[in-house]
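Close look at the chain arrangement
Given next are the chains, with one letter for each unit.
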Amino acid sequence: DKTNAGETMVLWNEYLFLTAISISKKIYTDAQIYPYLYAAHYHRDAGRGDQRQEYRLAESMRLYSEASRVACQYRYDAKDCLQLMKHMTTVSFLIAKDMLLLPHEVGGDGKVARTWKRRENAVTVATWLIGFFDSLLLWEDNEENTFVEILDRQHKYSMGKLFQLLPEDIRVSAIKKI
């Protein structure tokens, strides 16, 4: 496999996901969340178990944030909103399980936050997590309705509970970054 000067080599799977996002932007005026979700899941899976690949968790979080941005921009009927809200609930669970907690701690009483190899990856994840939840809040504002269950502070994977899994200094740095 050769690359031209200035190009980054990517795996075929990633190329297909990036192409799907590009097509969605051009043909569907960036109205489809699924290309973003598929690409985010790909990076999450690649980065969750290998600390050398933890930068992929930051890319995954960026793509999840993009999916919530796309969801908040369009008006949907009630059934579509319910389906998309379920996807966002699943994403919130995956963020906690695969990105913010150590893999063996999910579902246990003693939740142990991930130890980040590179601080900038943790700050980037926290920054995009803010974007993810901000878009969901905007979505409810646009719909003039409260329906995104993970925005309820009592929800198991609510905004506050996910941010508590990040060290305070990481949260502060993310807020300063935005």
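See the structure above.
To start, this report covers the structure provided alongside it. (Residues numbered from 1 in each chain as written. Predicted model: local features only at pLDDT ≥ 70, side-chain atom pairs only at ≥ 80, totals over all residues. Heavy atoms only, no water.)

1. Description of the pattern of salt bridges
Per the counting criterion, the structure on display carries 11 salt bridges. Of the charged contacts in the structure, one is a salt bridge between D98 and R44, with a shortest N-O distance of 2.7 Å. In this pair, D98 sits in helix α4 (residues 78–100) while R44 sits in helix α2 (residues 34–47), placing the two residues 54 residues apart along the sequence. A relative accessible area of 7% places R44 in the buried class. Where R48 meets D45, a salt bridge forms, and the shortest distance between an N and an O atom there is 3.5 Å. Connected via shared salt-bridge partners are R44, D45, R48, K97 and D98. (Salt bridge = Lys/Arg side-chain N within 4 Å of Asp/Glu carboxyl O. Helix = DSSP H or I, 4+ residues; strand = E, 2+ residues; numbered from the N terminus. Buried < 20%, exposed > 50% of the residue type's maximum accessible area, 1.4 Å probe, protein only.)

2. Observations concerning helix α3 (residues 55–73)
Its 19 residues place the ends of α3 28 Å apart at the C-alpha level, agreeing with the 27 Å of an ideal helix rising 1.5 Å per residue. For α3, the buried fraction is high: 14 of the 19 residues fall into the buried class. (Expected span 1.5 Å × (residues − 1).)

3. A look at the nonpolar core
By size, the foremost hydrophobic cluster in this structure holds 48 residues, and its most contacted members are Y64, I95, L100, L129, F132 and W139. The element contributing the most residues to this core is α4, with 10 residues. Apart from the residues lying within four places of it in its own chain, the contact partners of L129 are M61, I95, L100, L162, F163 and L166. (Core = buried A, V, L, I, M, F, W, Y, C linked by side-chain atoms within 4.5 Å. Contact = heavy atoms within 4.5 Å.)

4. Re the packing of aromatic side chains
Aromatic ring pairs are described here by two measures, namely the spacing of the ring centres and the angle between the planes. Inspection of the entire model under this criterion finds seven aromatic pairs. Centroid distance Y34 to Y38: 6.4 Å. Interplanar angle 35°. Geometry classified as tilted. On the criterion of helical spacing, the pair formed by Y34 and Y38 is a turn pair, its members being four residues apart in helix α2. Looking at Y34, the relative accessible area reads 30%, which means it is partly exposed. Seen in terms of ring centroids, W139 and F147 are 4.9 Å apart; in terms of plane orientation they differ by 90°. Their pairing is edge-to-face. Lying over the aromatic face of W116, R114 brings its terminal NZ or CZ to 5.7 Å of the ring centre. (Phe/Tyr/Trp six-rings, centres within 6.5 Å; stacked < 30°, edge-to-face > 60°. Lys NZ or Arg CZ within 6 Å of the ring centre and 35° of its normal.)

5. Comments concerning unusual backbone geometry
Of note, the phi angle at D30 is positive, near 55°, even though the residue is not glycine. Not every positive phi belongs to a glycine, and E144 is a case in point at roughly 50°.

6. Some words on the environment of Q53
Position of Q53 relative to the elements: it lies in the loop between α2 and α3. Note: C-alpha distance between Q53 and K117 (64 residues apart in sequence) is 9.8 Å. Discounting residues that sit within four places of it in the chain, Q53 has contacts with A46 and G47. Separated by 2.7 Å, the side chains of Q53 and R56 make a polar contact. (Polar contact = N/O pair within 3.5 Å; in protein donor to acceptor, adjacent residues only side chain to side chain.)

7. Comments concerning the environment of F132
If you trace the backbone, F132 turns up in helix α5 (residues 119–143). Taking C-alpha positions, F132 is 7.1 Å from R69, a pair spaced 63 residues apart along the chain.

8. Focus on the packing of α2 against α4
Contact geometry for α2 and α4: axes closest at 12 Å, N-to-C directions at 15°. What the angle tells us is that α2 and α4 run roughly parallel. In terms of crossing hand, the pair formed by α2 and α4 is left-handed. Within the contact between the two elements, α2 uses Y34, L37, H41 and R44 and α4 uses Q83, L84, H87, V91, L94, D98 and M99. Partitioning the contact of α2 with α4 into residue classes produces six nonpolar, three polar and two charged. (Axes fitted to C-alpha atoms, helices over the stretch in contact; angles between N-to-C directions. Parallel < 35°, antiparallel > 145°, perpendicular 65-115°, else oblique. Left-handed = near helix turned anticlockwise from the far one by under 90°. Nonpolar A, V, L, I, M, F, W, Y, C, P; charged D, E, K, R; others polar.)

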